[in-house]
Structure formats: C-alpha cells, structure tokens
Amino acid sequence: MHAEPDAESRKLASYFLEQVKKISNLTFQNEKVQDIRLVGPFITHFLATFVREDFCADRNLLLEFIYFNEAIANLVVIAGLQNTDYYVEKLLADVQKPGALLKLLALYSAYNLIEIPPAVFFDADAEAATRWYYACLGSVDSVSANVCTHRNILKLLNFTDARLGYSPTSMDHAYFAVTYLDESREAAI
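The present account deals with the structure reproduced in this document. Model, not experiment: these values are computed from the prediction.

**What about the packing of helix α4 (residues 59-67) against helix α9 (residues 126-137)?**
At a minimum axis distance of 8 Å, the contact between α4 and α9 shows a crossing angle of 25°. If you check the angle between α4 and α9, you find them roughly parallel. Note on element contacts: α9 touches α4 through E127, A128, R131, W132 and A135, opposite R59, L63, E64, I66 and Y67. Within the contact of α4 with α9, the residues separate by chemical class into six nonpolar, no polar and four charged.

See below:
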C-alpha cells in the first residue's frame, strides 16, 4: 500500500535523489572543506523531510533511494552523525503507513545499531528487501565502516531466504570488495 504522491513530494524526492547521486560521486579527499561542510545541512534536511508521514514519493523513486542506501549511510557519517537510528525508529513506529517501509529500507544500513531481522523486510516486500540487501552489502569496503558495520554485514552474509533475488552485479561487488580489505577488516567479515 502506498499513498499517492503529491506534486511537492515528487519534486522534493527528485531533488533529494539528484543531490544524493551528485554527492555520492564526490571523493571527499579532493573536495574543498566548505563543500564537505555542506553535507551536514543537506543530510539533516533530507532525513527530517524524508521521514515525514506527508512526504509521499512514488514507489520507483523510493526504490531508487534504496539503491543509494550505502551512499546515504556514508553521507550521514560524513555529516557527523553516527547512523540513522533516530529516523529508523520514527519510521518503525509508522511502518504500516504507506511508503514507510520503502523509506525505512533506504535509511536502514549496516551502520545502524538498531537490529531488525532481514526476514521482516522480506515478509513485507521481497523485491524492495532484495534491493536493500545488496545495497547494504556494498558497505563492506567503506572507509567509514566500523566494528558494528562489519558485524551487521556478517549477519547479512549469513542470512538466507528463498525470496532473496539474485543480482550478479550486486553480489559480485560485495564479494569482490572483501578481497580488497586489509587483513584486520577482512578477518572481521
């Protein structure tokens, strides 16, 4: 079930997605300090707007946000936030409401301390959950990954579900990325 998106939500969702795509392609080591400082206000505004009940983007746009789950998680870290737990909790409280599950999948990443069994997502929407699963695995080689991130990725790698669709590109990326980790991080995975 998904609410009908209004024109303002559609416009905002498209804008946010465009910005997430742009920012996620930047290499922050090479960017100017003032450019990096812009990430904080953007991600704070994005998160606050994205979790609002009246923010109703269409399913295809929300699925695309799920694809950028890793990028969003990294932007949250760059902005000085640890994770999206606060926003995930807000969405969990409204998970039965239209669009909330897809928003939750866009924000719930390997960085979160809140633990939600992946099967819950597959029970609700296997297509979106599959997209989320592979997006989260992309965090395996992230510079900002930590012990919690590695623990969550290990849980994902051990998760099995008949409804998990196979995506050669996504799965290959996750397993290939592990080969580039230093020994201490690879051992954790």
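**Focus on helix α7 (residues 100-107)**
When you tally the buried positions in α7, you get eight out of eight residues, the bulk of the element. Along α7, the residues classified as buried are A100, L101, L102, K103, L104, L105, A106 and L107. Those residues of α7 that are buried lie in contact with α3 (39-50), α4, α5 (69-78), α6 (85-93), α8 (118-124) and α9.

Rules and cut-offs
Residues numbered from 1 in each chain as written. Predicted model: local features only at pLDDT ≥ 70, side-chain atom pairs only at ≥ 80, totals over all residues. Heavy atoms only, no water. Axes fitted to C-alpha atoms, helices over the stretch in contact; angles between N-to-C directions. Helix = DSSP H or I, 4+ residues; strand = E, 2+ residues; numbered from the N terminus. Parallel < 35°, antiparallel > 145°, perpendicular 65-115°, else oblique. Contact = heavy atoms within 4.5 Å. Nonpolar A, V, L, I, M, F, W, Y, C, P; charged D, E, K, R; others polar. Buried < 20%, exposed > 50% of the residue type's maximum accessible area, 1.4 Å probe, protein only.

Any functional reading would require information beyond the geometric quantities listed.
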